[in-house]
Amino acid sequence: MLASPPQRWPAETSARPHPLDGVVLDRLRHCLRVVAARQVADPLRMDDPALLEVVLSEKERREDRVRAMRLLGLDPGRATRVLAVTGPGAAAAVRIIGEHVPILRQAVIGATTAVLVQDLAALGGSAGRALGSEGSTRPSGPRTAGSAATPRAGEESASGPGRPSMVDRGLSDTLNAAVVQAFPASRAGAAGPWIGVGERLPALAAAASWEQARRALRFASSTWHGRRVIAFERLGALELLADLPVQRLLGTADVTRINEFAATEAGALAVDTLEAFCVFGTLRRTATELHLHHSTVAARIAQVEAVMGWDVDDALDRFTATLVLFVRRMALSSAQLAGPSVVDPTSVGSRR
């Protein structure tokens with residue numbers, strides 16, 4: 001850039017030379033050399049994944065993150081959401097995301113793929129206000145599994161006509177249905193992929209959305225009745241469990257007892273049935289989903305109640321049962337995310 005020293009061209013002016021002109025020229029020459037050195041030492045390209053890492057890092061300076069956004073073609077004034085994808089089939093899962101929301105940038109960071117999406121309107125604009133948050137928009141009518149939530153009259157969809165909004169409640173449900181369809185689970189479980197969905201935040205808070213997405217991954221599960229896609233903002237108080245080591249959760253008496261019961265074939269069937277009951281809510285719906293008679297469902301649940309000392313008709317016992325089964329799914333997901341060398345401490349998914 002500076003093959004020869006900067007030259008001073010005389011300006012068309014009648015003013016006499018200033019005594020400090022030489023100092024100004026020297027300072028300008030020094031600044032140009034510094035800029036040229038930085039350009040050589042910073043070979044980031046417009047499509048360089050390292051730029052997205054800068055955007056998603058809380059350790060980087062604000063001005064560096066803004067610069068990275070500009071180079072990536074991102075608008076710092078638009079709301080941003082980050083999704084974390086991991087596990088076998090992650091590339092296919094990213095393609096599934098792209099079928100439902102427009103992906104602006106993606107990059108593999110460690111073992112996880114970061115996927116960044118933005119609103120089409122600036123934060124606080126008409127579309128931004130209409131889109132709201134993951135938990136704010138609920139369809140008024142019935143909706144089948146995997147269907148998109150329909151925006152209310154006058155609302156805009158960030159994904160274009162006929163596609164679910166990137167920020168409505170239906171996003172995680174729609175993605176979950178699509179992933180399950182592409183990667184079916186069974187009583188033997190499945191090996192992924194998993195998707196964590198961060199909150200919709202200002203672009204400069206993309207690092208916080210990325211951290212939320214990664215925390216949500218701990219709750220994603222490939223067990224028969226677990227969810228593959230978890231939205232952080234829908235976890236609520238359950239998000240606190242992400243701060244607890246899995247081994248500590250597994251050390252509780254209830255979890256230990258249900259794992260021992262599930263180690264037998266009959267116990268595994270009973271625990272799977274109870275888990276389905278906690279997901280579907282009623283005996284008849286559970287029976288329909290499992291293609292069983294409702295009396296069979298009741299009998300299997302009664303077996304678990306006898307072993308655990310629970311009465312699922314009691315609100316506290318039902319909550320305890322749901323929480324214990326939730327912890328087991330978390331333990332399985334953590335073991336799968338850690339790699340195949342980790343032994344599944346729950347025995348979930350080990351039998352066909």
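Located above this text is the structure these notes cover.
Bear in mind the structure is a predicted one, so any value in this text is a computation, not a measurement.

Caption draft 1: Inspection of the packing of aromatic side chains at higher detail. Summed over all chains, the structure comprises one aromatic pair. Taking the centre distance of 5.7 Å and the plane angle of 45° together, the rings of Phe 219 and Phe 326 count as tilted. On the criterion of sequence distance, the pair formed by Phe 219 in the loop between α7 (206-217) and β6 (229-231) and Phe 326 in helix α13 (residues 315-338) is long-range, its members being 107 residues apart. Of the two residues examined, Phe 219 and Phe 326, each falls in the buried class.

Caption draft 2: Here's a closer look at the nonpolar core. Core analysis: the largest hydrophobic core is formed by 53 residues, its most contacted members being Val 55, Leu 56, Leu 274 and Val 304. Element by element, the count of residues in this core is highest for α13, at seven residues. If we ignore the near neighbours within four places in the chain, the residues touching Val 304 are Ile 258, Phe 261, Ala 270, Val 271, Leu 274, Gly 309 and Trp 310. Core analysis: the next-biggest nonpolar cluster, separate from the first, contains 18 residues, Val 85, Ala 90, Val 94 and Val 115 among them.

Caption draft 3: Here's a closer look at the environment of Ile 195. Tracing the backbone through its elements, the reader meets Ile 195 in strand β4 (residues 194-197). The sequence separation of Ile 195 and Ala 220 amounts to 25 residues, and the corresponding C-alpha distance is 7.1 Å.

Caption draft 4: Representation of the packing of helix α10 (residues 265-280) against helix α12 (residues 294-308) in the model. Packing of α10 against α12 leaves a shortest axis separation of 8 Å and a crossing angle of 110°. Taken together, α10 and α12 sit at an angle that is classed as roughly perpendicular. Of α12, the residues touching α10 (which contributes Ala 266, Leu 269, Ala 270, Val 271, Thr 273, Leu 274 and Phe 277) are Val 297, Arg 300, Ile 301, Gln 303 and Val 304. Grouping the constituent residues of the contact of α10 with α12 by class yields nine nonpolar, two polar and one charged.

Caption draft 5: Geometry of helix α6 (residues 170-182). In this model, α6 (13 residues) spans 18 Å end to end at C-alpha, consistent with the 18 Å of a helix rising 1.5 Å per residue. Listing the buried residues of α6 in full gives Gly 170, Leu 171, Ser 172, Asp 173, Thr 174, Leu 175, Asn 176, Ala 178 and Val 179. Here the buried face of α6 lies against β1 (78-86), α4 (90-100), β4 and β6.

Caption draft 6: The arrangement of the pattern of salt bridges in detail. All told, the structure shown has 14 salt bridges when counted by the stated rule. The partner of Asp 26 in a salt bridge is Arg 29, with the nearest N and O atoms 3.6 Å apart. Here Asp 26 pairs with Arg 29, and both are found in helix α1 (residues 21-41), just three residues apart, close to one helical turn. A salt bridge links Glu 275 to Arg 329; the nearest nitrogen and oxygen atoms lie 2.7 Å apart.

Thresholds applied
Residues numbered from 1 in each chain as written. Predicted model: local features only at pLDDT ≥ 70, side-chain atom pairs only at ≥ 80, totals over all residues. Heavy atoms only, no water. Phe/Tyr/Trp six-rings, centres within 6.5 Å; stacked < 30°, edge-to-face > 60°. Helix = DSSP H or I, 4+ residues; strand = E, 2+ residues; numbered from the N terminus. Buried < 20%, exposed > 50% of the residue type's maximum accessible area, 1.4 Å probe, protein only. Core = buried A, V, L, I, M, F, W, Y, C linked by side-chain atoms within 4.5 Å. Contact = heavy atoms within 4.5 Å. Axes fitted to C-alpha atoms, helices over the stretch in contact; angles between N-to-C directions. Parallel < 35°, antiparallel > 145°, perpendicular 65-115°, else oblique. Nonpolar A, V, L, I, M, F, W, Y, C, P; charged D, E, K, R; others polar. Expected span 1.5 Å × (residues − 1). Salt bridge = Lys/Arg side-chain N within 4 Å of Asp/Glu carboxyl O.

Interpretation in functional terms is not warranted from these geometric data alone.
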